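As a plain string of letters, each chain reads:
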Amino acid sequence: MSKTISHWMNNEAFAGASTATAPVTNPATGTVTGEVALATIEDARTVIDAAAEAFPAWRDTSLAKRTQILFNFRELLNARKGELAKIITSEHGKVVSDALGEVSRGQEVVEFACGIPHLLKGGFTENASTKVDVFSIRQPLGVVGVISPFNFPAMVPMWFFPIAIATGNTVVLKPSEKDPSASLWIAELWAEAGLPPGVFNVLQGDKTAVDELLTNPKVKSVSFVGSTPIAKYVYATGTAHDKRVQALGGAKNHAVILPDADLDLAADAMVNAGFGSAGERCMAISACVAVGPIADDLVAKIAERAAGIKTGDGTKDSDMGPLVTKAHRDKVASYIDAGEADGAKIVVDGRNVKADGGQDGFWLGPTLIDNVTPEMSVYTDEIFGPVLSVIRVESYDDAMDLVNSNPYGNGTAIFTNDGGAARRFQNEVQVGMVGINVPIPVPMAYYSFGGWKASLFGDSHAHGMDGVQFFTRQKAITSRWLDPSHGGIELGFPQNQ
C-alpha cells in the first residue's frame, strides 16, 4: 500500500484541502511507492501565511539561540544521515554512497551557517561628522521560498535554507514532486533540533505551488535550481512581483583535455564526472574536448573504464543507479538515437544495459559517443543523463572558442600539466566555476556556487557570502546623542532614593 506524502507546516504534517496527487516511484523497480499531495492555491497560501506569522518572533530570536538550534540540527543530521540517504535512493535512484555524499556536501552549508554571528557583523564609523556615528546592520527579508529540483533533494535545498534560517528568515521549501520525502525527513529533524513552528515549512506541489511562491506578496525572495527555461520563467515572474530572485539554470559542461595531460587521470575523471549520479547533475561533464593527437587513446581509456561500471539498484553493490523516471530515461535514450543518426560513433552503448535491478526499472547504462560535432543535438542540449560526448579539436584556441561560444556557463575543467596553460584557461574561460585537473569544481560552502550566461539569472550565487547577502538587507544608521552636559544629567554613581 502506497503512502501519502503531505505538506509540513508549524512543525507538523499538513494534509491540505486538495485531493490531487502525483505518483512517486522507485526508479529501480518502476513501482509506485507513494502519492504526493499537489497543493491548491489555498493550500499554498495557508503554508505561506504560517511562515509569515512565525517571522517576527524568529527575526527577534537572538543569534546565540539561532546558532544553538543550527548546531543541534547539524549533530542530528550527522548522526542520522544514513536514514536520509536511503530515502533519497528509494525515490531518486542514485546509489546510497552517492546519496551520502550529497548529504555531506549539503551539511557543509549547515556548518558554514553555524558561524552566522561572525558573518552578520556590520561596520561602525565613529565621528563621521562631529559627534555623529554611522553604522550598518544586516536584517532578514521575511518569508523566503526555495524551489528545488529532483536531482539533489537534500543538497540543493541545503544550499539555501541553513543560511536563510540562520539570518532570521522563515522558509517555504517546494521540493520536486518526483522525490518529495527527503524534505519531510529534514523538516522533522528541524523540529527535533528545536526550531520554532513555522520557521521551516514544506509545500508539495506542481506549477500551482510554484506560481503562488512567485506572486504572493508575503514571499520576499525565491531561490531556484532547475532547467534554464524554467529558471528564466522564475526570474522574470518573481522579479515582476518585486521579489529578490536567484535562479540557477542548466548547463553544458566541457572538460578540455590538453595533449600533455595525464590521460589515465583524465579518463578516470571523465567517467566519474560523466556517469556519476547517472549524469543527473548540473555539474556533470557531458562534453569531453580532446585537443590534438590524444583523442584515440583518451576514448579507448574512457571506454575501458565505462564498460566496467555496474548499473543497478542503488541499494545493492552498484556503481550507477537508474534514471529518475521512465519518461526521462526514454528522453535521454532518444538523444543517443539522434547522435547515431547524425553520424556520431556510439563507442559504449547504454541503451540495452543489463542492470542488476527490477526488470521495470528505468535503466540506461553509461554511454560514450565519439566524433560529435557542435551542431548535433547530443552536443547542443543538456541531456541530463549518463551520456558523454567526445568533440575532437586541433588546438587550445579551438577548445576555448567551443567552450566560450556555448550559451551555458555553469562549470568547466581543464586537464593539463602546464601551469601556464591552466592559468590562461582560468583567465579566459567564460564560465562561473572552473576546475584544474578537478572534474566537478563544486565550491566549498564558504565560497559561492553559480554559473554565468544562461546558467544563472539574478546577481547572487548560492551559499557563501553571496548567500548571506541574498537573505539579508543592509540598513545604514546615522546617530547623534547629545552630550550629557546639555541636560545637566548627574553622572555620579547611581543611588536609591
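In the block above lies the structure referred to throughout.
Parameters at a glance
- Residues numbered from 1 in each chain as written.
- Predicted model: local features only at pLDDT ≥ 70, side-chain atom pairs only at ≥ 80, totals over all residues.
- Heavy atoms only, no water.
- Buried < 20%, exposed > 50% of the residue type's maximum accessible area, 1.4 Å probe, protein only.
- Helix = DSSP H or I, 4+ residues; strand = E, 2+ residues; numbered from the N terminus.
- Pairing = 2+ DSSP bridges.
- Right-handed = clockwise from strand over helix to strand, strands pointing away.
- Axes fitted to C-alpha atoms, helices over the stretch in contact; angles between N-to-C directions.
- Parallel < 35°, antiparallel > 145°, perpendicular 65-115°, else oblique.
- Left-handed = near helix turned anticlockwise from the far one by under 90°.
- Contact = heavy atoms within 4.5 Å.
- Nonpolar A, V, L, I, M, F, W, Y, C, P; charged D, E, K, R; others polar.
- Phe/Tyr/Trp six-rings, centres within 6.5 Å; stacked < 30°, edge-to-face > 60°.
- 1 Å grid on protein atoms, 1.4 Å probe; cavity = no way out; pocket = protein on both sides within 12 Å on 5 of 7 lines; lining within 4 Å.
- Points joined across faces, edges and corners; volume = space filled by probe spheres on them.

Peer 1: Break down the pairing of strand E11 (residues 219-225) for me, with residues and values.
Peer 2: Of all the 7 residues making up E11, 6 are buried; the element is thus mostly covered by neighbouring parts of the structure. Two elements, strand E8 (residues 143-147) and E11, share 5 bridges in a ladder whose sense is parallel. Each residue of the ladder has a partner; that of Val146, found in E11, is Ser223. Read from E11 through helix H8 (residues 228-240) to strand E12 (residues 244-248), the crossover connection turns out right-handed.

Peer 1: Talk me through the packing of helix H3 (residues 96-113) against helix H5 (residues 155-166); I want residue IDs and the actual numbers.
Peer 2: Taken N-terminus to C-terminus, the directions of H3 and H5 make an angle of 15°; their axes are 8 Å apart at the nearest point. By the criterion of interaxial angle, the relationship of H3 to H5 is roughly parallel. Regarding H3 and H5, the two cross each other, and that crossing is right-handed. Touching Glu102, Val103, Arg105, Gly106, Gln107, Val109, Val110, Phe112 and Ala113 of H3 are Met155, Met158, Trp159, Pro162, Ile163 and Ala166, all from H5. When its residues are assigned to classes, the contact of H3 with H5 shows 11 nonpolar, 2 polar and 2 charged.

Peer 1: Could you give me a rundown of the packing of aromatic side chains, with the residues and numbers involved?
Peer 2: Taken as a whole and judged by the stated rule, the model has 11 aromatic pairs. Note on Trp159 and Phe160: the rings are 6.4 Å apart at their centroids and 75° apart in plane angle, and the pair reads as edge-to-face. Here Trp159 and Phe160 have matching classes, each one buried. Residues Tyr446 and Tyr447 carry aromatic rings whose centres are separated by 5.7 Å and whose planes lie at 50° to one another, so their mutual orientation is tilted. Both residues of the pair, Tyr446 and Tyr447, count as exposed. One aromatic cluster is present, built from ring pairs that chain together Phe73, Phe161, Trp190 and Phe200.

Peer 1: Tell me what's going on with the layout of surface pockets, and back it up with residues and numbers.
Peer 2: Considered as a void within the structure, the largest pocket measures approximately 920 Å³ in volume. Taken together, 35 residues make up the lining of the largest pocket; nearest its centre are Phe150, Lys178, Gly226, Ser227 and Ile230. By volume, the second largest pocket amounts to about 260 Å³. As for the second largest pocket, its lining consists of 13 residues, of which Arg105, Phe152, Met155, Arg281 and Val442 are closest to the centre. Put simply, the parts of the chain that give the lining of the second largest pocket at least two residues each are H3 and H5. The element best represented in the lining of the second largest pocket is H3, accounting for 4 residues. Broken down by class, the residue content of the lining of the second largest pocket amounts to 8 nonpolar, 1 polar and 4 charged.

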